[in-house]
Amino acid sequence: MTDHAASLRQRLRFIRDRLATALISACGIGVIGAVLAIGVFLAVEVAPLFVAPEVREQSTDGAPLPALASLPTDSLSAAGEQQQWQADGRELVVFQRTSSGLELAGRVEAVPPSRRITALAALQGGRALLIGDDGGGVQRWVTLADQDLPVPAGHYQALGSAPIRQLIALPDRQALALNEANQLGLYQAISGLRWQGQAPSGEALGWDDQGDLWWGTAEAASRLEIDAEHAEVSWRSVWLPQHYEGHAAPQQRWQTSVSDSRDEPRYGLAPLAWGTLKAAAYALLVAIPLALGAAVHTACFMSAGLRTRIKPTLELMEALPGVVLGFIAGLVLAPWVERHLPGVLALLLVLPLGMLSGGALWACCSARWRQRLPLSWAGLWLMPWLALLAALALWLSPSLERWWFDGDMRSWLALQLGLDYASRNAMIVGLAMGLAVMPTIYALAEDALSGVPKSLAEGAAAMGATRWQALWKVVLPAASPGIFAALMIGAGRAVGETMIVLMATGNTAVMTASPFDGLRSLSANIAIELPEAALGGTHYRLLFLSALLLFVFTFCVNTLAEVVRGRLRRRYQRLGGPT
Amino acid sequence: MRRVRGEGPWAWLAAGSVALSLLLLVALLALLAGRGLAHFWPGELVQIELDDGSRFAARPGREERSAEGVERLYHTGNREWLGTPWRWVEVARIVEQRRPAELVIVERRRWGDFIGRVAGLEEDGVALDIDDEAARWTALDERLGRLARLREARDALRQQEVMPRVRALAAEQDVASRARLEDELAAANAEVLALQARMARDRVVLESVEGERLALPLEEVLALQRPNAMSLPAKLGAWGERAWRFLSEGPRAANTAGGVWPAIFGTVLLVLLMSLLVAPFGVLAAIYLNEIAHQGRLTRLVRISVRNLAGVPSIVYGVFGLGVFVYGIGGSLDEWFFSEQLPSPTFGTGGLLWASLTLALLTLPVVIVATEEGLARIPDHQREGALALGATRLETLRRVVVPMALPAMLTGMILAVARAAGEVAPLMLVGVAKLAPQVPVDGEFPFLHLERKFMHLGYHIFDVGFHSGDVEAALPLVYATALLLVMVILVLNLTAIFLRHHLKARHGALPR
């Protein structure tokens, strides 16, 4: 009896164990799956951007033809916002619309000598027109604000070799081109020819009240389904300079906050990617020397007692929220640096010199002082010395400005070097984000350096090397993969940081390398624009694409770092280190 | 003297970078602490006469040095006459500077601060005849005390008499009881109005240094101080009071004045919800990964991936949260359960629930990694011993493994909370609000309103600092808020460091 109860209890225990194991497994797999799904989800959201557009004939099963708004009948003229265009052989005749009527603005040869214009169409917004010729060529011309005549903005891939018969402007700056061989092509102003195929029999009839185009004859008509929601974006158009309306030459622009649909949205990710990399580069420029110097000193020179205090303190900096650093950088540091520019730039020289002079003075001191202020405590006792020098440099800042920069350094920069000074600029971001990234690099690099087996450095010291020589020739090479991993992870953090860049730059999407110019990064751009982007639109998906880029970049960089670190750990174990 | 063999210049540069980093950290914290705490200090007021004979009273602020000379910023208040409460004055133009004890600074419900003198008191529009300065102050204090008592009585009345009846009325169907309730409500409202009328009795007559007069209903006064006449303890008291009001009140004047209570509440609630979500799932995932899953190549790959997700930018999680939680799940929830309110979204817009879920996802890798580290540190023979004694896997986990890994889990949670508290970028996409005076917890069913938008300390810093009209007025507030946020996060991190240290010490003693 008791045996039976015991075995029952035993079985119950095992069932419970199985159940719990299954539960934990399910939870674990679910959670990990959910976390890993982030990348997949982003890719799914981005994918429609790169689906090839398509034009399909949709049969209507003999339904009666609805009332249609007719298409323009004259394919050799087109009306834009300010101008009217007329084709005349090779030439485009341009009329300017004025208060008193049309006024001839000029004529311009638009197609090569052997050809003539066979079709014109004004694109949505009326600031660009498509020109089709008798060789199948299609090109776009754009109007400029300050010129009478439009300028060419690029030849598209030709639609066969037959003459273009008709160009039909569609919404979203798209147009259908039909040639004499009855081929149909879908063009988009920026990305060019996106689809081509055989046209249905008959001809374009007109628009119904849904905005759909009907095609065929009066007896047998069908609706054309134009599936080209994101046609203005292609992988190339996003990264290469594009000829936008209102510009005389191709530009790399990100400008989506267009107030009305007459303005062409500019979806160039290159300025944002540039801004991201520039901000990260300036941040690393600040962070790497500081972090590696600090790591080397903490790992190899600092006294053990001090090290247990300093290392957590520096690592604690990592916890400073980005929004606080961004606020300090944007509202306090930026205006302050603007006023004390010469002093701040002088600091770049004064601080390293101060460290070196500190060392030189120390070497001249008597042995008692050297004992009292040893190198192993230099991290602390150099602080007041550096603070004193920094204060001195800043105090001299107005005088420096008077002596060397004619009283105003910013106008001096503009005159002598042609550099504009934006108040919130890459230098400010570099300083603030450098401070944010530095603890990450420091912590990892310090771990790598202090993980190098002591026997190596001791061996070098036994051979008569100074500590620095041992470090440079022995410890550093051994730890170099770890330091590389630290830099990678630091770079990943710098690339993804949002609030600091958002607050400490003017968020202007310009592509310059100057430290005194603003920038706009991918991450800040997402934070600014995504709440207002229409769900599922091109803009929305492009922002998802930037998120995906950030995700892929940081994920790859971190994986690389992780793999390198794993190798390093095994190497240390082989060398017989402590871990 | 024998020259010591130095380490060369590079060693000093390395030492200098430690010093520089520490210096930057100290400067940053000192700046935040100094400016943040100084905001509440009742600074002295000065009366200034310029070389053109004009006079004004103000609280001096920072100075700026330029080629033309030194300029000083004065907070003059009195916005209704001067247009702006700030004034830059060239120091060289100042002829005379005095600190009269009778200068007052009045914090008002509207129009910002007033700086000037108390010229008299009015009761029901009749001026009181008090000539003596001290007597006038006692009278004023008395009246302020009376007002505070009346206000308290009114608020209590509203809370206890009016609001329950309004709610009951909304739910009640029966005509007779509705009529009764309406009568009671009218009576309670009349009582409130009577109290309010009594509160409007007193007015204080203020006179600015320029000679403008203003009869201000005492009810409009939020605080009234004579900083020049205050002793140090009194100043300290006033400092404490203002600091407390900053912590306990809601924002006023387009977030440029008042306190941050809703933001504190929102931050804490958000982090609390996030912890509730992340703790069980993070720990379970770590246990699965370390104790149950087959330790093969795939598991190693998953482990590396999870580790890497901690380095993925937070904004990416925000984008994910917006796409999946807000538009995906939230949109579907709206269609299924809240279709009568469409097109105005209930869950299909950013809110507390989605924000905490997003943060939970963001901090999941932190918790998993920390817990896993704790689990991996437990020697295998502990598990083997338990299994050898006949324990099942569940029993081994519950009795041996989890208790030993508890501090590691706690460390992970604290680190997660610290990271979540400082994260702002994803919140901007999934539901933080510029101003949400209604906190997401109240007396109305279901008490916790997960769909509501909320305020957040970090976002408050961003918003007040960058989107408010009067940056000079907002800046001290931003400093104080930033100090608060940094303090919270530092305390959390220090706790985690302490725990981890404790943990290492404990497990270091275990034989391997």
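Here the structure is a predicted model, which is why all the values come from computation and not from measurement.

Chemist: Looking at this structure, I do not really get the overall build of chain B. What am I missing?
Modeler: For chain B, the helix and strand inventory stands at 14 helices and 13 strands. By the compact-globule yardstick of 24 Å for 512 residues, chain B is too spread out, its C-alpha radius of gyration being 30 Å. With respect to the three principal axes, the spread of C-alpha positions in chain B is 105 × 95 × 40 Å. Buried residues in chain B amount to 38% of all 512 residues. When contacts within chain B are restricted to residue pairs at least 6 apart in sequence, long-range pairs at least 24 apart make up 68% of them.

Chemist: Please explain the overall build of chain A as it appears in this structure.
Modeler: What chain A contains, in helices and strands, is 16 helices and 19 strands. Rg of the C-alpha trace for chain A: 34 Å, well past the compact-globule value of 25 Å for 579 residues, more than 25% over. Each of the three principal axes of chain A carries a C-alpha extent, and together these read 105 × 105 × 40 Å. Here chain A, with 579 residues, has 45% of them falling under the buried criterion. Sequence-distant contacts, at least 24 apart, represent 65% of the contacts inside chain A between residues at least 6 apart.

Chemist: Whenever I open this one, unusual backbone geometry confuses me. Can you help?
Modeler: Both trends apply: most residues other than glycine have a negative phi, and most peptide bonds are in trans. Residues and elements named next belong to chain A. One non-glycine residue, D172, adopts positive backbone phi at about 60°. Considering the arrangement of structural elements, one finds D172 in the loop between strand 11 (164–170) and strand 12 (174–179). Its 17 C-beta neighbours within 10 Å are what place D172 among the partly exposed residues. Despite not being glycine, N507 shows a phi value in the positive range, around 55°.

Chemist: I would appreciate a short explanation of helix 7 (residues 297–309) of chain B in the present structure.
Modeler: Each turn of an α-helix holds 3.6 residues, which means side chains three or four residues apart point in the same direction. The end-to-end C-alpha distance of helix 7 of chain B is 18 Å, a good match for the 18 Å that 13 residues give at a rise of 1.5 Å each. Among the residues of helix 7 of chain B, R303, V306, N308 and L309 of chain B are the ones counted as buried. Tucked into the core, helix 7 of chain B has its buried residues touching helix 1 (2–46) and helix 16 (538–574) of chain A together with helix 6 (261–292) and helix 9 (352–377) of chain B.

Chemist: Before we go on, may I ask you to explain the interface of chain A and chain B in this structure?
Modeler: Accessible area lost when the parts come together is the quantity often used to give the size of an interface. On the side of chain B, 77 residues touch chain A, which itself brings 84 residues to the contact. The element that contributes the greatest number of residues to the side of chain A that touches chain B is helix 1 of chain A, accounting for 19 residues.

Chemist: Explain the environment of Q174 of chain A to me, please; I cannot follow it from the model alone.
Modeler: Residues and elements named next belong to chain A. By the secondary structure assignment, Q174 is in strand 12. You can call Q174 buried: it has 23 C-beta atoms within 10 Å. Taking the C-alpha atoms as reference, Q174 lies 7.0 Å from L186; in sequence the two are twelve residues apart.

Chemist: Just to check I follow, could you spell out the nonpolar core for this structure?
Modeler: The nonpolar side chains of a soluble globular protein tend to be buried with one another. Residue and element names in this part refer to chain A. Ranked by internal contacts, the top residues of the largest apolar core, which has 225 residues, are A329, V429 and A432. Once you skip the residues sitting within four places of it in the chain, A329 turns out to touch A334, I428, V429, L431, A432, I500, M503 and A504. Among the nonpolar cores identified, the runner-up in size contains 52 residues, and L120, L167, I168 and L170 belong to it.

Chemist: Teacher, can you tell me more about the sheet that holds strand 5 (residues 94–98) of chain B here?
Modeler: Sheet strands line up and pair through hydrogen bonds in the backbone, either parallel or antiparallel. All names here are of chain B. Spatially, five strands are ordered 4-3-2-1-5 in an open sheet, and the strand pairing comes out antiparallel. Edge positions in the open sheet fall to strand 4 (86–90) and strand 5, since each of these has one partner strand only. On average, adjacent strands in this sheet sit at an angle of 40° to one another, irrespective of strand direction.

Chemist: Help me understand the confidence of the model for chain B in this model?
Modeler: Interpreting fine coordinate detail is not advised for predicted regions of low pLDDT. With 96% of its residues at a pLDDT of 70 or more, chain B shows a mean pLDDT of 84. Reported confidences for the modelled complex are a pTM of 0.88 and an ipTM of 0.88.

Chemist: Please clarify how the sheet that holds strand 8 (residues 128–133) of chain A should be interpreted in this entry.
Modeler: Residue and element names in this part refer to chain A. Overall, antiparallel pairing links the four strands, which are arranged 7-8-9-10 in an open sheet. At either margin of the open sheet sits one strand with a lone partner, and together these are strand 7 (117–122) and strand 10 (151–155). On average, adjacent strands in this sheet sit at an angle of 25° to one another, irrespective of strand direction. Judged from the three bridges that link them, strand 9 (residues 138–142) and strand 10 form a sheet pairing that is antiparallel. The residue bridging W141 from the neighbouring strand is P152, located in strand 10.

Chemist: Looking at this structure, how should I read the pairing of strand 8 of chain A?
Modeler: Successive side chains on a regular strand alternate, one facing one side of the sheet and the next facing the other. Residues and elements named next belong to chain A. For strand 8, the buried fraction is high: six of the six residues fall into the buried class. Of the two faces of strand 8, the one holding A128, L130 and G132 and the one holding L129, I131 and D133 are both buried throughout. Here strand 7 runs beside strand 8; their pairing, made up of five bridges, is antiparallel. When the bridges of strand 8 are listed, A121 appears paired with L130. Taking the residues that link successive antiparallel strands as the turn, the strand 7-strand 8 hairpin has five residues, and the phi of G125 there is positive, at about 100°. Taken together, strand 8 and the strand that follows it, strand 9, pair antiparallel across an intervening segment of four residues, in which G136 is found at a positive phi of about 90°.

Chemist: Whenever I open this one, the packing of helix 6 of chain B against helix 11 (residues 393–422) of chain B confuses me. Can you help?
Modeler: When two helices pack together, you describe them by how their axes are tilted relative to each other and by the distance separating the axes. Residues and elements named next belong to chain B. The geometry of helix 6 relative to helix 11 is characterised by a closest axis approach of 9 Å and an angle of 140° between their N-to-C directions. In terms of axis orientation, helix 6 runs oblique to helix 11. The element helix 6 and its partner helix 11 pack so that their crossing is right-handed. Contacts between helix 6 and helix 11 involve T267, V271, M274, S275, V278, A279, G282, V283, I287 and E291 from the first element and L397, V401, M409, G412, M413, A416, V417, A420 and A421 from the second. Classifying every residue of the contact of helix 6 with helix 11 by side-chain character gives 14 nonpolar, four polar and one charged.

Chemist: Quick question: what am I supposed to make of helix 15 (residues 522–529) of chain A here?
Modeler: Judged by how many residues are buried, helix 15 of chain A sits mostly within the fold: six of eight residues are covered. Buried within helix 15 of chain A are the following residues: L522, S523, A524, N525, I526 and A527 of chain A. Along its buried surface, helix 15 of chain A packs onto helix 3 (270–301), helix 13 (467–496), helix 14 (499–504) and helix 16 of chain A together with helix 8 (314–337) and helix 12 (425–430) of chain B.

Chemist: Please clarify how the pairing of strand 14 (residues 192–198) of chain A should be interpreted in this entry.
Modeler: All names here are of chain A. Strand direction decides the pairing type here: strand 13 (residues 183–188) and strand 14, joined by six bridges, are antiparallel. Along strand 14, the bridge assignment pairs Y187 with L193. Hairpin connection from strand 13 to strand 14: three residues lie between these consecutive antiparallel strands.

Chemist: Looking at this structure, how should I read the packing of helix 3 of chain A against helix 1 (residues 9–38) of chain B?
Modeler: Running from amino to carboxyl end, helix 3 of chain A crosses helix 1 of chain B at an angle of 110°, the nearest separation of the two axes being 7 Å. Relative to helix 1 of chain B, helix 3 of chain A is oriented roughly perpendicular. Contact residues: P289, L290, G293, A294, V296, H297, T298 and F301 of chain A in helix 3 of chain A; A11, L13, A14, A15, S17, V18, L20 and S21 of chain B in helix 1 of chain B. Considering only residue class, the contact of helix 3 of chain A with helix 1 of chain B consists of eleven nonpolar, five polar and no charged.

Chemist: Please explain the environment of D380 of chain B as it appears in this structure.
Modeler: With respect to the element layout, D380 of chain B can be found in helix 10 (residues 380–388). Taking the C-alpha atoms as reference points, D380 of chain B and V401 of chain B, 21 residues apart in sequence, are found 9.9 Å from one another.

Chemist: Is there a simple way to explain the environment of T267 of chain B in this structure?
Modeler: Residue and element names in this part refer to chain B. Secondary-structure assignment places T267 in helix 6. C-beta crowding within 10 Å serves as the criterion here: with 26 such atoms nearby, T267 is assigned to the buried category. Taking the C-alpha atoms as reference points, T267 and V432, 165 residues apart in sequence, are found 9.9 Å from one another. If near-sequence neighbours (up to four positions away) are discounted, T267 is found in contact with A421, H456 and L457.

Cut-offs and rules
Residues numbered from 1 in each chain as written. Chains lettered and ligands numbered in written order. Predicted model: local features only at pLDDT ≥ 70, side-chain atom pairs only at ≥ 80, totals over all residues. Helix = DSSP H or I, 4+ residues; strand = E, 2+ residues; numbered from the N terminus. Rg over C-alpha atoms; globule rule 2.2 N^0.38 Å. Buried ≥ 20, exposed ≤ 12 C-beta atoms within 10 Å, placed from the backbone. Contact = placed C-beta atoms within 7 Å. Expected span 1.5 Å × (residues − 1). Core = buried A, V, L, I, M, F, W, Y, C linked by C-beta atoms within 7 Å. Pairing = 2+ DSSP bridges. Axes fitted to C-alpha atoms, helices over the stretch in contact; angles between N-to-C directions. pLDDT = per-residue confidence, 0-100. Parallel < 35°, antiparallel > 145°, perpendicular 65-115°, else oblique. Left-handed = near helix turned anticlockwise from the far one by under 90°. Nonpolar A, V, L, I, M, F, W, Y, C, P; charged D, E, K, R; others polar.

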